[in-house]
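For reference, the chains in residue letters:
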Amino acid sequence: MKTVLYFSFLAFCTTSNSQTFQSYAKLCSDCHATASVCTKKTGYVICTCIAGYIGNGVNCTAISSCGTQNCCPSGYYWDNRISFKVCTDINECNDNTLNKCVPSSTCKNMNGFYLCISNRSTNCTTSPCPYDQDCLSVAGNVQCADPCFYYQTLNGTSRLSTIDSTGVFSTDRYNIGWFRFTGSAGLRMQEECAGTLKCGSLTPFSLNGTHPTIGEGIKIVPLQINSLSGCLTGANITIKACPDNFYIYKFSGMLQSDVYCTDPQFTASSIIPTMVTTKAQTTTTTTTTTTQPTTILTTTPATTTTTTLTTAIPTAVTTTSPTTISPTTTLAMSTKIIPTSTTVPTTITTYAATSTSPNTTAQISASISPTPSPIPEKNITVTSVKSINIVSVTTSTKLENDIEVSSLEINKTTAILIEVQTITASTIRTKTSNSISYSSLLIMVGDGEPVTLTDTPSLQITDNETVSDNLENFQFSLYNGKPIEIHTLTDTFSVPGDGFTTTTTVTTTSTEEVIVVGPPLLPSPSSNTVSFSATGSATNVPKV
């Protein structure tokens, strides 16, 4: 999985008495017919108004007419004062009509749009809402309520992941609040990657996780950005499955100008699963400990008897089967170690039994001989480790109502891929592990207190294992290792203007290493065979 940070901010720069904004579209014919410049990219174009006109590149208006016409893009108004004559950012957070964040204090103004920075721990009035409710404005009153009864609708069919983007690309940037997808299909968001230039936008969003079940409450799920460089982890979105068999999503604004992708397979006939409630059971476990008596080795004199017993045990242990002996018999033991040609010594233990009965002797001996362990199947292990670390630092300074506002934004994405192949003469077992982490920090300093916004989604880990037949010759020389390689690339670009400057530096560091290990050496013997023999001679043996 490729991981590259992608920025789709609404470009804003000023040259003399004109401002330049831009839009993304499929073809140059989608741009303004006479007052735009079309810049061709791979699979799409960028529309920009020419000098003397202002707009988003699709709609361009002569600056001389801006006093009587609405010529500014969404999020801006025309400042017609002398010495200004520019499109100025609308501070939605200061307008009770435009600010749709609940609570309104979570609103953060951006250049041309705004964000609602809230999460499940945000106090609605005095405390956070229950797990299945959210902080909503109901009839003008801010309170905890079920969003399944308070939502807006969007056409999900026009956002299907199977639709190639055409015309002027759409955006969900200005949609704030809870939304439900409607239409003949696409009634929920797409899970996993959808691809770029899909769903009606350039780099749409899809889910990097699964939807909640009915009864699970409100769930926070990470997003995926279907960027031009691949699918990568984005911020989070809040989702709930409603009892009437539909999903709702909480939109909080977005930095990118794109849309949320929908799933073509999810229609009105699809059934949302209900969370299964399991009753807790209590289990009582009773443990009984039994102590067995120590076995006393005894022998019974017999007439010239020889017995052999072979048992495989892991260590040098001497064992005999107990028998019955006359109480007057005593047993003496002597042990000696006799080295052998292997690394495991051979132990011979001799027991001599004597009795008060005349002419009675008995002897038991045990010997341990090493037995080789089964030889494991030979294998070759190929371990590949790849990582990519991307850090983007953006600094911005602009004038808002004669007040200088500065911001610092730091985004970091780290992806690690580990693949281990265990190759034998018959099979190839492949284990892969992907982990992706993302963090974002935004600091804004202006007239009031500094504002700090952070976003750190949970670490995403994906594991997979496959087994296939080995169709190649089993040769160690077929696989080559690679020492660790480190590549670093740094790009810096700036957007200067009259009262507005933005500089972004992106540093990408990638590493790759391949380690190959050949077949193992034969193992040392790890098990032993114990042989026992008993011999003896006796006279005056009593009858049993």
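Here, every reference points to the structure presented above.
Fair warning: this is a prediction, and the values are worked out from it, not measured in the lab.

Section: the environment of T274
Residue position: T274 is located in the loop between β19 (246-252) and β20 (307-313). For T274, a relative accessible area of 51% puts it in the exposed group. As a C-alpha pair, T274 and P212 span 62 residues in sequence and 9.0 Å in three-dimensional space. Ignoring any residue separated from it by four or fewer positions in sequence, one finds T274 in contact with T213 and I214.

Brief notes about the packing of aromatic side chains
In the structure shown here, the tally under the stated rule is 8 aromatic pairs. Ring geometry for F205 versus Y260: centroids 5.7 Å apart, planes at 35°, classification tilted. Taken together, the residues F205 in strand β16 (residues 205-207) and Y260 in the loop between β19 and β20 connect sequence positions 55 residues apart. Here the two residues F205 and Y260 agree in accessibility, since each one is buried. Ring pairing ties together the aromatic residues F179, F205, F251 and Y260, which thus form one cluster. Above the face of the F246 ring, R180 is positioned so that its terminal group lies 3.8 Å from the ring centre.

Regarding the sheet that holds strand β14 (residues 152-155)
An order of β14-β15-β19-β18-β17-β16 is seen for the 6 strands of this open sheet, with the pairing classed as mixed. Looking at which strands have only one partner, the edges of the open sheet turn out to be β14 and β16. With strand direction ignored, the average angle separating the axes of adjacent strands in the sheet is 45°.

As for unusual backbone geometry
With omega at -10°, the peptide bond leading from V102 into P103 counts as cis. Tracing the backbone through its elements, the reader meets P103 in the loop between β9 (86-89) and β10 (107-110). Unlike most non-glycine residues, A139 shows phi in positive territory, near 55°. Its location among the elements puts A139 in the loop between β12 (134-138) and β13 (141-145). In this structure, C199 takes a positive phi of about 65° despite not being glycine.

Description of the pattern of salt bridges
Counted by the stated rule, this structure contains 9 salt bridges. In this structure, E191 and R188 form a salt bridge, with 3.8 Å as the shortest nitrogen-oxygen distance. A salt bridge links E465 to R429, with the shortest nitrogen-to-oxygen separation between them at 2.7 Å. Of this pair, E465 sits in strand β28 (residues 460-469) while R429 sits in strand β26 (residues 427-445), and the two are 36 residues apart along the sequence. Residue classification places E465 among the partly exposed positions, given a relative accessible area of 41%. One connected set of salt bridges, linked through shared partners, spans R188, E191 and D263.

Rules and cut-offs
Residues numbered from 1 in each chain as written. Predicted model: local features only at pLDDT ≥ 70, side-chain atom pairs only at ≥ 80, totals over all residues. Heavy atoms only, no water. Helix = DSSP H or I, 4+ residues; strand = E, 2+ residues; numbered from the N terminus. Buried < 20%, exposed > 50% of the residue type's maximum accessible area, 1.4 Å probe, protein only. Contact = heavy atoms within 4.5 Å. Phe/Tyr/Trp six-rings, centres within 6.5 Å; stacked < 30°, edge-to-face > 60°. Lys NZ or Arg CZ within 6 Å of the ring centre and 35° of its normal. Pairing = 2+ DSSP bridges. Axes fitted to C-alpha atoms, helices over the stretch in contact; angles between N-to-C directions. Salt bridge = Lys/Arg side-chain N within 4 Å of Asp/Glu carboxyl O.

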